[in-house]
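Here is how the chains run, residue by residue.
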Amino acid sequence: MEKDGYVFITGASSGIGESCARKCAAAGFNLILTARREDRLLALKKELESESVSIIVYSMDVTNHSQVESVFKAINDKEIIALINNAGLAQEKCSFEDYKWDDFQKMIDTNITGFLKVAHLAVPSIIKSKGHIVNISSIAGIEAYEGGSVYCASKAFVKMVSKSLRIDLAGTGVRVTDIAPGAVETEFSDVRFKGDTEKAKLTYQGYEPLTPEDIADSVLFCLQAPARMNVEYMLVMPTAQASATRIVKQ
Ligand code: 8X3
């Protein structure tokens, strides 16, 4: 892949996004890193610049559309060779009728509308560069599970948009990849359970969960494959996990 342009990453301040930033920098990719937490992005920039790549950071909340538009305006002269559309979250895990509307709304605003806003603004530049769109969905996008309702639906949205993009962009030279992680130990469960660290920890106890680096390696594999090769869908789970709900714990 041509390395003069930039890889644009959302949710780059932690977890899978941060690991993608580290692995991409080590592989020589220039980066545009975005996330809400600017202090973390600045620290990451400082660290990764030792890899002799160019790093630009923007504090950006994907749910704030005017902020997203401003970022894309500011990078108008930069070539985007890949988008890692990673920002996403879950809120709660409870029966549908027990959900607070605000939790539904937050997942929709982030995983659906925010994800779509970024993709919509990035795609024209990626068509120009014959680049690569990597969307991070989830096992939840193919299997509904108890308490997952809107989160699962939001990830099914990511999956369907990925496939549609793949079809729409066929023939343009653009590659589209949907990476669907299973259980990965990140801040994901802390966010889902709103700081209930005991509940969050339990999610990953009794088996070996994936690390964010495992998913970043999968992303890099797709990015670095020859231009003729499009990995369209990659479902990556811990060895102990065989479905959204079948996790064998010791
Ligand atoms: C994260 C994986 O199984 O908690 O998307 O929904 S899961």
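Residues numbered from 1 in each chain as written. Predicted model: local features only at pLDDT ≥ 70, side-chain atom pairs only at ≥ 80, totals over all residues. Heavy atoms only, no water.

S.K.: Go over the side chain of serine 189 with me, naming the residues and quoting the values.
M.R.: When you line up the elements, serine 189 lands in helix α6 (residues 188-192). Once residues lying within four places of it in the same chain are set aside, the contact partners of serine 189 are Ala200, Thr203 and Tyr204. (Helix = DSSP H or I, 4+ residues; strand = E, 2+ residues; numbered from the N terminus. Contact = heavy atoms within 4.5 Å.)

S.K.: Could you give an account of the pattern of salt bridges, with specific residues and numbers?
M.R.: Using the criterion set out here, one finds 13 salt bridges in the structure. The closest approach of N and O atoms between arginine 22 and glutamate 47, which form a salt bridge, is 2.4 Å. Separated by 25 residues along the polypeptide, arginine 22 in helix α1 (residues 15-26) and glutamate 47 in helix α2 (residues 38-48) bring together distant segments of the chain. Looking at arginine 22, the relative accessible area reads 29%, which means it is partly exposed. Taking the shortest distance from any N to any O, the salt bridge between arginine 40 and glutamate 187 comes out at 3.1 Å. With arginine 40 in helix α2 and glutamate 187 in the loop between β6 (175-181) and α6, the pair connects residues that are 147 residues apart, well separated along the chain. Each member of the salt-bridge network shares a partner with another, and the members are Glu18, Arg22 and Glu47. (Salt bridge = Lys/Arg side-chain N within 4 Å of Asp/Glu carboxyl O. Buried < 20%, exposed > 50% of the residue type's maximum accessible area, 1.4 Å probe, protein only.)

S.K.: Tell me about the packing of aromatic side chains, and name the residues and values.
M.R.: Considering all chains together, one arrives at 6 aromatic pairs under this definition. Consider the rings of phenylalanine 8 and phenylalanine 72, whose centres lie 4.8 Å apart with planes at 25 degrees: the pair is stacked. Taken together, the residues phenylalanine 8 in strand β1 (residues 6-9) and phenylalanine 72 in helix α3 (residues 65-74) connect sequence positions 64 residues apart. Taken as a pair, phenylalanine 8 and phenylalanine 72 share a single burial class, namely buried. An angle of 80 degrees between the planes, with centres 6.4 Å apart, marks the rings of phenylalanine 115 and phenylalanine 157 as edge-to-face. Of the two residues, phenylalanine 115 sits in helix α4 (residues 101-129) while phenylalanine 157 sits in helix α5 (residues 149-169), which places them 42 residues apart along the sequence. Given a relative accessible area of 2%, phenylalanine 115 falls into the buried group. Aromatic rings pair up to connect Phe96, Tyr99, Trp101 and Phe104 into one cluster. Above the ring of tyrosine 233, the side-chain terminus of lysine 159 is found at 3.8 Å from the ring centroid. It is arginine 192 that lies over the ring of tyrosine 151; its NZ or CZ is 5.2 Å from the centre. (Phe/Tyr/Trp six-rings, centres within 6.5 Å; stacked < 30°, edge-to-face > 60°. Lys NZ or Arg CZ within 6 Å of the ring centre and 35° of its normal.)

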